[in-house]
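Chain and residue survey
In case you want the letters, here they are:
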Amino acid sequence: MASEEVIELAKRRGFYFGSNGAYGGTAGFYTFGPQGSALKRNVEDAWRDRFTVREGNQEIQAPAVMPEPVFEASGHLDTFADMLVECGECGESHRADHLVEDASSIEDAEALPISEVEMLIRDHDIACPACGSPLAGEGVEEFNLMFKTNIGPGSGQTGYLRPETAQGIFVEFPRLKEYARGQLPFGVTQIGPAYRNEIAPRGGLRRLREFTQAELEQFIDPEEDEPDLEAVEDVEVLLYPAEEQEAENGSYVETTIGEAVEEGIVGSAWIGYYLGLAQEWYERIGVDVDRFRFRQHLPGELAHYSADCWDAESEVGDADADADTTTPGGGDWIEIAGFSYRSDYDLSKHAEYSDDRFTVFKEYDEPKTVERATVDPDMATLGPKFGGDAAAVADALETLAERDPDAFEADAVSVEVDGETVTVDTDVANFSVEEVTENGEHITPHVVEPSFGVGRTVQTLLAHGYTEDVVSGEARTYLDLDPEVAPTDAAVFPLVTNDDELVGLAEDVADDLRSRGLTVAYDDSGSIGRRYRRQDEVGTPFCLTVDKTGLEGDGPDTVTVRERDSAAQVRVPVDELADELTALLAGGDFAAFADQYETVETDLETQ
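Before going further, it helps to examine the pattern of salt bridges. By the definition in use, this model includes 42 salt bridges. Here Glu55 ties to Arg50 by a salt bridge, and the two come within 3.0 Å at their closest N and O atoms. By relative accessible area, Glu55 is classed as partly exposed at 23%. Looking at Arg50, the relative accessible area reads 16%, which means it is buried. Note that Arg534 and Asp523 form a salt bridge whose closest N and O atoms lie 2.9 Å from each other.

Let's shift gears to the layout of surface pockets. Volume-wise, the second largest pocket comes out at about 480 Å³. Residue lining of the second largest pocket: 28 residues in total, with Asp482, Pro483, Glu484, Leu584 and Leu585 positioned closest to the centre. Of all the secondary structure elements, the ones that give two or more residues to the lining of the second largest pocket are helix H16 (454-465) and helix H19 (574-585). If you tally residues by element for the lining of the second largest pocket, the top one is H19, at three residues.

The end-to-end C-alpha distance of helix H11 (residues 269-285), which contains 17 residues, comes to 25 Å, matching closely the 24 Å that a straight helix rising 1.5 Å per residue would cover. Taking burial as the measure, the 17 residues of H11 include 14 buried ones, the bulk of the element. A side-chain oxygen of the first residue of H11 lies 3.1 Å from the backbone nitrogen of Trp270; this N-cap is Ser268. Just downstream of H11 lies Gly286, where phi reads positive at about 110 degrees.

Taken in spatial order, the three strands make up an open sheet running E6-E5-E7, and their pairing is antiparallel. One side of each edge strand has no neighbouring strand; the edge strands of this open sheet are strand E6 (93-95) and strand E7 (140-144). Sheet twist, expressed as the mean angle between neighbouring strand axes with direction ignored, is 45 degrees. Along the sheet, helix H5 (residues 96-103) makes contact with strand E5 (81-86), E6 and E7, crossing E6 at roughly 60 degrees. Strands in contact with helix H6 (residues 114-123) are E5 and E7; relative to E7, the strand with the most contacts, it is inclined by about 125 degrees.

All right, on to empty space enclosed by the protein then. Think of a ball as big as a water molecule: rolled over the atoms, this probe shows where empty space is left. Within this structure, the stated rule accounts for one cavity of 30 Å³ or more. Approximately 30 Å³ is the volume found for the largest cavity. Around the largest cavity sit Val43, Glu44, Trp47, Ala214, Trp281, Phe452, Gly453, Val454 and Thr457, which together line it. Secondary structure elements with two or more residues in the lining of the largest cavity: helix H2 (34-53), strand E21 (446-453) and H16. A total of three residues in the lining of the largest cavity trace back to one element, the largest contributor, which is H2. Split into classes, the residues belonging to the lining of the largest cavity amount to six nonpolar, two polar and one charged.

Relative orientation and spacing of two packed helices are given, respectively, by the angle between their axes and the distance between those axes. For the pair helix H17 (residues 500-515) and H19, the least separation of the axes is 10 Å and the interaxial angle reads 35 degrees. The chirality of how H17 crosses H19 is right-handed. Where H17 approaches H19, its residues Leu505, Val509, Asp512 and Leu513 are matched on the opposing element by Val574, Leu577, Ala578 and Leu581. Residues that form the contact of H17 with H19 fall into these classes: seven nonpolar, no polar and one charged.

Each value, and the rule that gives it
Along each chain, residues carry numbers from 1 onward, in the same order as the chain's sequence is written. pLDDT decides what is reported in this predicted model: residues at 70 or higher carry local features, side-chain atom pairs at 80 or more are listed and counted, and totals for whole chains, interfaces and linings draw on all residues regardless. Think of the side-chain values as coming from all heavy atoms in the structure, minus any hydrogens and water. We count a salt bridge whenever a side-chain nitrogen from Lys or Arg sits within 4 Å of a carboxyl oxygen from Asp or Glu. Exposure categories follow from relative accessible area, calculated using a 1.4 Å probe and restricted to protein chains: below 20% of the type maximum is buried, above 50% is exposed, and the middle band is partly exposed. Both cavities and pockets are sets of points on a 1 Å grid over the protein atoms alone; in a cavity a 1.4 Å probe fits but cannot get out, in a pocket the set is open with protein on both sides within 12 Å along at least five of seven lines, and lining residues sit with an atom within 4 Å of a point. Grid points are joined across faces, edges and corners, and a volume is the space filled by probe spheres set on the points. Strands are runs of DSSP state E lasting at least two residues, helices are runs of H or I lasting at least four, and both sets are numbered from the N terminus onward. Here a helix's expected span is defined as the number of its residues, less one, multiplied by 1.5 Å. In protein, a polar contact requires one atom able to donate a hydrogen and another able to accept it; more generally it is a pair of N or O atoms within 3.5 Å, and residues adjacent in sequence count only if both atoms are side-chain atoms. When DSSP finds at least two bridges between two strands, those strands are taken to pair. Lines fitted to the C-alpha atoms define the axes, with helices restricted to the stretch that makes contact. Angles between their N-to-C directions range from 0 to 180 degrees. Contacts between residues were defined by any pair of non-hydrogen atoms, one from each residue, lying within 4.5 Å. Note on residue categories: nonpolar means Ala, Val, Leu, Ile, Met, Phe, Trp, Tyr, Cys or Pro, charged means Asp, Glu, Lys or Arg, and polar means any other residue, Gly included. The hand of a helix crossing depends on one turn: near helix anticlockwise from the far one by less than a right angle means left-handed, and clockwise means right-handed.

Keep in mind these numbers describe shape, not what the thing actually does.
Printed below as a string of structure tokens:
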């Protein structure tokens, strides 16, 4: 299978491999080798260009370790869990929902209640993948996925490795809004590692315990702010709405972003906007759009904070298989990005649990005169009666006046302080209703979040770029990577290594291209045909060969430029090389470029 061959190529050519192999390996952790690290970095740079720079957003880098109260406020302590089943025979732990999906036609067992998953394990006679013992009767329980640690010596302060980069943005909102001058909408991005103690890591880079996210948190006023939908309204997308997933013969919806929002298939214009941007960006970096879709979360899948969510999914299985990826059910699809409308959940929760303000001041067009209920508690009475809780009682009275002014029509009012109900005479509260002029109000912004998995995008590019063909009668494998993300821009070869003049020029060419900011590989090992194949397998767009012919004659020195996909070669003067390659790498047309120069017919491919 091509998928297996991609994994083998990834290891052999230094894209990625399991970490800590000298110590038996550690599941869920991968090391990106020289090629993979460069590819990953280029994907991150391309994402930063599109979603930070071109959108005019801010970028931050927050710590990967955060204190426990952050995750208490965010809900991760209570809800960030997967379903675990442990084999009673060998003790191995497994994702219960994954076992159900593998043994049945159910595509999203994660959305099912635990009791139903236990029943499905029994009904399908599911056995432990490690030892084969039946799992029927074994309890399924929720397992929190966060890595716990201590901050400081000894027991210290309890902390967790962040399971997503988003919380690092949310907790800093009070300061970040100042950098944005308190003006909505504004966006904040972050690219960095996240950590999840997965029960059963699997699928290469698709489910890891340490992975890289690229996230954007867009803060908006839900009553006024609208995205520039016209910029993406004509972008064509393949959608798989929840309604179609739940239908007996559900199908994809081929439409445009504008039509999807107008018809209510995508309920939020902001979600639609980012789906359009993502579609264009994925095409830009080389994702095969025939193996790409947006799938809406089913109700049971929605995270605790999400009002609506769509996933970008790519098909990463065998490109030559018979599976029909044009209709639901066929292919090996993985989530590579999520687009969620988080409403005001995150900022409201952090405001509730912290001592800071997570709102922005929204100024009215014109001042408004309104009636406001207020209290001015008699602290000389509250102090002796409630002691150290007097200030808390006063705050509770103020909150009650805002929420329920009618409560003060009685002779006494009751408020809750630290879980206890206390009663205060109404005349002590000094309740009144006054006319005040307001210039604006404090509002809690809503959040729209596009979140991209960088590693899964790398895996997608390798799967979609993997190509087999025949050149000069010889089978070859190459990665059809877009030059923007390819690990290396060009490779330079001296045709032979025993000619000082050829070697000297080849080294000068490589140095000159590097000085122009290009990433260049220099290879003088083995036959020229083998060198071509090595570069083809890592996706290098252009190979430059310095040969004797290029040094002969009265004209300028030349080298041959070979294009990866077609294996076509042309001879280019050395002094024009850097400018021409820079233009090609920026998206220039190789056919138009080749028309300007002498075509080279050689048998070097098989040498």
